[in-house]
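# Coordinate analysis (summary)
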Amino acid sequence: MKKSLKISFMFLLCLFAVPGFAQERTVTGSVKDEEGVPLPGVSVLIKGSSTGTATDFDGNFSLKVPGDGSVLVFSFMGYTKQEVTVGTRSEIGVTLTPDLTSLDEVVVVGFGKQKKVNLTGSVSEISDQNISNRPVGQASAALQGLAPGVTVTQSSGRPGGDAGAIRIRGIGTLSSANPLVMIDGVEGNLNDLDPNNIESISVLKDAASASIYGSRAANGVILVTTKRSDSDKLAINYKGYVGWQDPTNLPDMVDAIDHMRLTNVAYVNTGREPLYPEELIREYIADGGVDTDTYPNTDWQKEVLTGSGLMNSHFVTVSGGGGKVRFMTSFGYFDQKGIIENSGFTRLTLRNNMDINFSEKFDMSIDLQLLAKETKEPGRSTSSVFHWMNRIPANQPGINLDGSYGEGWNGANPIAFSRTGGLRKNSSYPRIQINSSFNYRPVNDLELSLTIAPRFAEYSNDEFYGAIDTYHPDGTVANTSPARSTLTREVSRSLYNNLRVTTTYDKTFGDHNFKVLLGASREDYQNKYLSAFRDDFPLPEYPVLDTGSALNQQNSGNEAEWALQSFFGRINYDYKQKYLLEINSRYDGSSRFSKGNKYGFFPSVSVGWRISEESFMQPLKNTLTELKLRGSWGMLGNQDIGNYPFTTSIDIGTYSFNKEIVNIAALNTMANSEISWETTEMIDFGLDFTLFSKLSVTADYYSRETRDILYDLNIPLTIGLAAPTQNAGVVTNKGWEVGVTYRETIEDFQFDVNLNISDVRNKVVDLKGVNRTGLTVSREGHSINSIWGLESLGLFQSEEEIENHAAQFGNVAPGDIKYKDQNGDGIINDDDNVIIGSTIPRYTFGAILNAAYKGFDFNAVIQGVGKADGYLYQQGIMPFFNGGTVQEQHKDYWTPENTNAAFPRLTISEANNEKNSSFWVKDASYVRLKNIQIGYTLPEKISAKIGMNKIRLYATGQNLFTIDNFWKGYDVEAPIGRGDVYPQVKVYNIGLDINF
């Protein structure tokens, strides 16, 4: 299957253009403005095709046209588009007039739209084309590399678990740093959308643009607009693809013979006799892999990674309308199989967006989405499968010659785990979202809107942990693990309500333009959770609760709710669209805080100056099309702190007392009734300019400080309770970002290039002196979640060097890691730990290239990180950790003859080289070809003959190659861990896009 798909994929990449059949001739001409000044860079296209050119510096053009009936379309930013029929003319002169409506190009902002030229905040736009081109199951992953200041990290390729972690302008909190996502004005989950449903995305990055969302906007806001019908004509579209996945990277593990030889080296290095006799190794070599019961040589990766990795997506849209009603109905099906057995993700989406226009004064929209999705993985968990796959030595039996599961390692057999060790299934159905809006315009310039948007969701999570029998080669049972199969079933139901009322007044008085928005909203959320457990299933093929034993059955449940009440407003003013002012404010009240702390006020102000509209700039108007300076200040909040942390909570349970089980209640954690909002203050300075209507640049510098961050400060142990959460921390993020766009048309060839780069410097300013330990820590003066460990000074090269250095761990010998004695006390211990790396990426960048030539089109996305630190530990990179195996790269270990080795001397159960230290820190910067797509659209004549308006074939590749200096065998986007993460995947697919 994969072979045939690869042949098809390569065929599409090599398609040749279909030659035209019409008689061509050349037309020349010139384009000028209303004052007779030549216009360079005007786009000249043959209507209904992608064939075209652009005027040169003197406004002249030359273009081959199919015939006299050809229509030329002339377009230029800031001027009215014109269509001219060629007829019998060979020379055409065109005069373009200024298009005031082009200044009305709008951008989606909070609770409305705004003219792009009048924006004073920092907003990035992402088009649907760059999202739908990506073969992803989670829409969040499609944002990677598309906008400056937006960092997306995809650390896993696991089906259903491959969402991108989105961070906007750094991290400003020690709790959840996820941005607020608004879908058509209602809070939602970006990954609940089929990417094909997305029309556009606006990212609100500064306080001025985001403060109208108040207490939930501290981490930035993502506004998603879904597609709607824009025509009364009935249209049907199908877009689908099929493809397959391969791991981007896997560690190269040693075989059985090398494992035994290297183990012997490690044993000798630690003063012990070799574990494996040379005679046994010679017998292994002589057997040559025939008698694997006696001489096992298991390729664990080959035996575990047997999933098909196939994925397919099918998306059908029906749109149209008549008179006063328009609709767009879509159905999406996405299925992704994993590269291991019993793993996959399936999503079904049904969406209907309907607009009804009753009169000039009254209209409404009703949107409905039904969502069902299911994620599956082995019962032992995906991480457990990959943990053991890369840990168990090859000389342990995986599958016996009779087909039974081998013992693995004391019963741990990842082959059995992935195939028959039970199943974890997370399901979401139904998930129903309704979004209804009613708009009434009683008089000109005034609009009243009411939005009602309830959402119902039900989740279930089944974890069946199946008992697995492993066998000796003689057929006797070696292990049964666990002794009893277990099933845990969890069900969660939630209801979210959103009610919003807004009033918008938009009025122009001469050269003065005013727009005022006032609104109020109320949101509430309720959740009910139940959990049940049973074990000892005699029929493991039928894992439902009633088939398990009732002797050890357990159950639990809880409920939660919260509410948010808000009042908000915005004032926009401009004079001649030259001097710009915007004021936002929001007053939020949250049930999560105690009386007296429930409400918070979040204001912002921003200004702009369109220098290009000044009279002294008019001589440069055709060169410097747009020039604008921006500045903003604002405050944002964060109420995502859990439910009711201010309350005194009593824990209820049972306890054995006087030989009886009695019910008890206990106060275990102190309460803090004064807990309040985390508050973020941000300033932003921006510059936007456009040259020749082709090159657009936007640049920003910002400073963001978050205060009153929630943190558990230390309290005296004599109190006898756990510490309460307090408003204690301060974190800053300072950075800059630049986005550049260039568009060009050269005869039949059109292209655009989008580049973006940004940097952020994160710093913990104040944690009240609290210093905690762990692999990643947040400490004053350093970035959040910095890597914490000993500073490595390389490897000891002699006994003399060891004797003259501070005392370290265990039996230290030449070839062991040497650590720096930070405090000079002559002993290396936890007091010598320091910050050895940062997990927050810097200099994130992206490049997007779109090109078209006649019927061919091309899209490529390159993204990466310029500076980052990665850290692997334990069996992920440390040789023979806890008795595990080693990788091929570990053969470059220290010996007296190889003193410049990549790894320390090989040892078994020696602590010195297994400490967290900078020795295991690696450069995690990278450049990745994230996505590439090549498509071909058949000529209209061919499409029409088979009753279709458009037929497009395309081939796509994702994560095809990466340039990095990270540890071999591991994907650089998962830089912190033990190497037990489901790897990133390369995706190859072929697709079809048809319009009827």
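Residues numbered from 1 in each chain as written. Predicted model: local features only at pLDDT ≥ 70, side-chain atom pairs only at ≥ 80, totals over all residues. Heavy atoms only, no water.

## Thoughts on the overall build of the chain
Where we set the bar: Only DSSP runs of H or I reaching four residues or more are called helices, and only runs of E reaching two or more are called strands; each is numbered from the N terminus. Think of it in three bands: residues with accessible area under 20% of the maximum for their type are buried, residues over 50% are exposed, and the middle band is partly exposed, with areas taken using a 1.4 Å probe on protein chains only. Note on areas: Shrake-Rupley with a 1.4 Å probe; residue coverage comes only from the protein chains shown. When charges are tallied, Lys and Arg are placed among the positive residues and Asp and Glu among the negative ones, while His and the ends of the chain are skipped. A single reference atom marks each charge: NZ on Lys, CZ on Arg, CG on Asp, CD on Glu.
Each helix and strand in the chain was counted, giving 10 helices and 52 strands. C-alpha extents for the chain along the principal axes are approximately 95 × 70 × 65 Å. Per-residue burial over the chain gives 50% buried out of 996 residues. For the chain, the accessible surface area stands at approximately 43,900 Å², while carbon and sulfur atoms represent 55% of it. When the 91 basic and 115 acidic side-chain charges of the chain are each reduced to a single mean position, those positions are 6 Å apart.

## Topic: the UniProt feature "domain: TonB-dependent receptor plug" (unreviewed entry) in the chain
To keep things clear, this is the line we draw: UniProt positions are given in the numbering used here, feature names are shortened, and annotations may be inferred rather than shown by experiment.
Those places that UniProt annotates as "domain: TonB-dependent receptor plug" (unreviewed entry) correspond, in this numbering, to residues 116-221. The annotated region residues 116-221 carries 8% helix and 25% strand content, and the separation between its end C-alpha atoms amounts to 18 Å.

## As for the nonpolar core
Heads up, the rule is: We define a nonpolar core as any set of buried Ala, Val, Leu, Ile, Met, Phe, Trp, Tyr and Cys residues linked to one another through side-chain atoms lying within 4.5 Å. When checking whether two residues touch, look at their non-hydrogen atoms; a contact exists if any pair is within 4.5 Å.
Core analysis: the biggest nonpolar cluster contains 30 residues, and Tyr871, Ile877, Met878, Trp920, Phe966 and Trp967 have the highest contact counts within it. For this core, the elements supplying multiple residues, two or more each, are β42 (817-819) and β46 (869-872). Discounting chain neighbours no more than four positions away, the residues touching phenylalanine 966 are Gly870, Tyr871, Leu872, Lys922, Asp923, Ala924, Asp971, Val972 and Pro975. Membership of the second largest hydrophobic core comes to 24 residues, among which are Ala139, Ile166, Ile168 and Val861.

## Considerations on the domain arrangement of the chain
So the rule is basically this: Annotation comment: domain bounds sourced from an automatic or database domain assignment. For any pair of parts, buried area is found by adding up, for both, the accessible area (1.4 Å probe) each one loses once the two are put together. One side-chain nitrogen of Lys or Arg within 4 Å of one carboxyl oxygen of Asp or Glu is enough to make a salt bridge.
Assigned domains within the chain: domain 1 (24-95), domain 2 (106-235) and domain 3 (310-641 + 654-785 + 839-873 + 916-995). Each of domain 2 and domain 3 has a C-alpha centre, and the two are 9 Å apart. Both sides of the domain 2 and domain 3 interface together cover about 8,100 Å² of buried area, and 47% of this is carbon and sulfur. Three residues stand out in domain 2 for area buried against domain 3, namely Thr120, Arg169 and Leu174, and they jointly supply 9% of the buried area on that side. Our count for the domain 2 to domain 3 interface comes out at 12 salt bridges. The partner of glutamate 737 in a salt bridge is lysine 205, and the shortest N-O contact between them spans 2.6 Å.

## Focus: the pattern of salt bridges
This structure, assessed with the given rule, holds 48 salt bridges. Between arginine 351 and aspartate 184 there is a salt bridge, with its nearest N and O atoms 3.1 Å apart. Of the two residues, arginine 351 is situated in strand β20 (residues 344-357) and aspartate 184 in the loop between β13 (180-183) and β14 (186-187); the sequence distance between them amounts to 167 residues. Relative accessible area serves as the criterion here: at 8%, arginine 351 is assigned to the buried category. Each of the salt bridges in this network shares a partner with another, and the network as a whole consists of Arg169, Lys205, Lys628, Arg630, Asp684, Asp688, Asp700 and Glu737.

## Looking at the sheet that holds strand β47 (residues 921-923)
As a reminder, the rule being used: When DSSP finds two or more bridges between two strands, those strands count as paired.
Read across the open sheet, the three strands follow the order β47-β46-β51; overall the sheet is mixed. Each edge of the open sheet is held by one strand with a lone partner, namely β47 and β51 (976-977). Relative to β51, β46 is paired through two bridges, and the arrangement is parallel. Counted as the bridge partner of tyrosine 871 is isoleucine 976 from β51.

## Considerations on the confidence of the model for the chain
Rules: Each residue gets a pLDDT score, which is the predictor's confidence in that residue and runs from 0 to 100.
Confidence along the chain averages 91 in pLDDT terms, with 97% of residues attaining 70 or more. By mean pLDDT, the top-scoring element of the chain is β42 (98), and the lowest-scoring one is helix α1 (residues 2-13) (43). Confidence drops under pLDDT 50 across residues 1-22; counting only partners more than four residues distant or on other chains, this segment forms 34 contacts.

## Focus: the environment of serine 696
Our working definition: Whenever a nitrogen or oxygen atom comes within 3.5 Å of another N or O atom, the pair is scored as a polar contact, on the condition that within protein one atom can donate a hydrogen and the other can accept it, and that pairs from neighbouring residues in sequence are kept only if both atoms are in side chains.
As for its position among the elements, serine 696 is in strand β36 (residues 695-712). Considering only alpha carbons, one finds serine 696 and glutamate 626, 70 residues apart in sequence, at a separation of 8.6 Å. Polar contacts involving the side chain of serine 696 include one to the side chain of threonine 690, which spans 3.3 Å.

## Quick word on the environment of alanine 142
Within the element layout of this structure, alanine 142 appears in the loop between α2 (128-132) and β11 (150-153). Owing to a relative accessible area of 0%, alanine 142 belongs among the buried residues under this scheme. Along the primary structure alanine 142 and glycine 864 are separated by 722 residues, whereas in three dimensions their C-alpha atoms are 14 Å apart.

## Considerations on the sheet that holds strand β43 (residues 834-837)
Taking strand neighbours across the sheet as the criterion, the three strands line up as β39-β40-β43 in an open arrangement whose pairing is antiparallel. Only two strands of the sheet have a single neighbouring strand rather than two, namely β39 (776-777) and β43. The pairing of strand β40 (residues 786-789) with β43 spans three bridges and is antiparallel. Directly across from isoleucine 787, in β43, lies its bridge partner glycine 837.

## Quick word on unusual backbone geometry
Along the chain, tyrosine 429 connects to proline 430 via a cis peptide bond; the corresponding omega equals -5°. Of note, the bond from serine 481 into proline 482 is cis; its omega dihedral lies within 30 degrees of zero at -10°. Following the sequence through the fold, proline 482 ends up in the loop between β26 (477-481) and β27 (486-509). Phi at asparagine 342 is positive, roughly 60°, even though this residue is not glycine. Looking at where asparagine 342 falls in the secondary structure, it is placed in the loop between β19 (325-337) and β20. Even without being a glycine, aspartate 708 presents a positive backbone phi close to 60°. Within the secondary structure, aspartate 708 is located in strand β36.

## A short note on the pairing of β13
Side-chain alternation along β13 places Leu180 and Met182 on one buried face and Val181 and Ile183 on a second face that is also buried. As defined by bridge partners, β13 adjoins strand β16 (residues 221-226) across four bridges and the pair is classed as parallel. The residue of β16 that forms the bridge with isoleucine 183 is valine 224. For β13 and β14, the ladder comprises two bridges, and the chain directions are antiparallel. Of the residues in β14, the one forming a bridge with methionine 182 is glutamate 187. Joining the antiparallel neighbours β13 and β14 is a turn of two residues, in which aspartate 184 adopts a positive phi near 50°.

## Observations concerning helix α5 (residues 278-287)
Using the following cut-off: The arc under discussion is defined with respect to the helix axis, by the directions toward the C-beta atoms.
Buried within α5 are the following residues: Ile281, Tyr284 and Asp287. Along the axis of α5, the buried residues cluster in a sector spanning 125°; they form a single face. In α5, those exposed residues whose orientation departs by more than 90 degrees from the buried face are Arg282 and Ala286. At its buried positions, α5 is contacted by α4 (256-269). Phi for glycine 288, located one or two positions after α5, is positive at around 65°.

## Quick notes on the side chain of serine 319
Along the chain, serine 319 turns up in strand β18 (residues 310-322). Leave out the neighbours within four places in its chain, and serine 319 touches Ser229, Lys233, Leu234, Ala235, Phe327 and Met328.

## Observations concerning α4
The following threshold applies: Given the number of residues in a helix, its expected span is that number minus one, multiplied by 1.5 Å.
Its 14 residues place the ends of α4 20 Å apart at the C-alpha level, agreeing with the 20 Å of an ideal helix rising 1.5 Å per residue. Across the 14 residues that make up α4, a large majority, 10, are buried. Those residues of α4 that are buried are in contact with α5. For α4, the side-chain oxygen to backbone nitrogen distance between the N-cap and isoleucine 257 is 3.4 Å, and the N-cap itself is aspartate 255. Immediately beyond the C-terminal end of α4, within one or two residues, lies glycine 271, with a positive phi of roughly 80°.

## Structural notes on the packing of α4 against α5
Put simply, the test is: Lines fitted to C-alpha atoms define the axes, with helix axes restricted to the stretch in contact, and inter-axis angles between N-to-C directions lie between 0 and 180 degrees. By the definition adopted for this analysis, an angle is roughly parallel if under 35 degrees, roughly antiparallel if over 145, roughly perpendicular if from 65 to 115, and oblique otherwise. The handedness criterion is simple: a crossing whose near helix is rotated anticlockwise from the far helix by less than a right angle is left-handed, and one whose near helix is rotated clockwise is right-handed. In this count, Pro and Cys sit with the nonpolar residues alongside Ala, Val, Leu, Ile, Met, Phe, Trp and Tyr, while Asp, Glu, Lys and Arg are called charged and the others, Gly among them, polar.
Remark: α4 packs on α5, axes separated minimally by 10 Å, with the N-to-C direction vectors making an angle of 165°. Comparing their axes, α5 and α4 come out roughly antiparallel. Note that α4 runs across α5; the crossing there is left-handed. Where α4 abuts α5, its residues Ala256, Ile257, Met260, Arg261 and Asn264 lie against Leu280, Ile281, Tyr284 and Ile285. Per-class residue counts for the contact of α4 with α5 are seven nonpolar, one polar and one charged.

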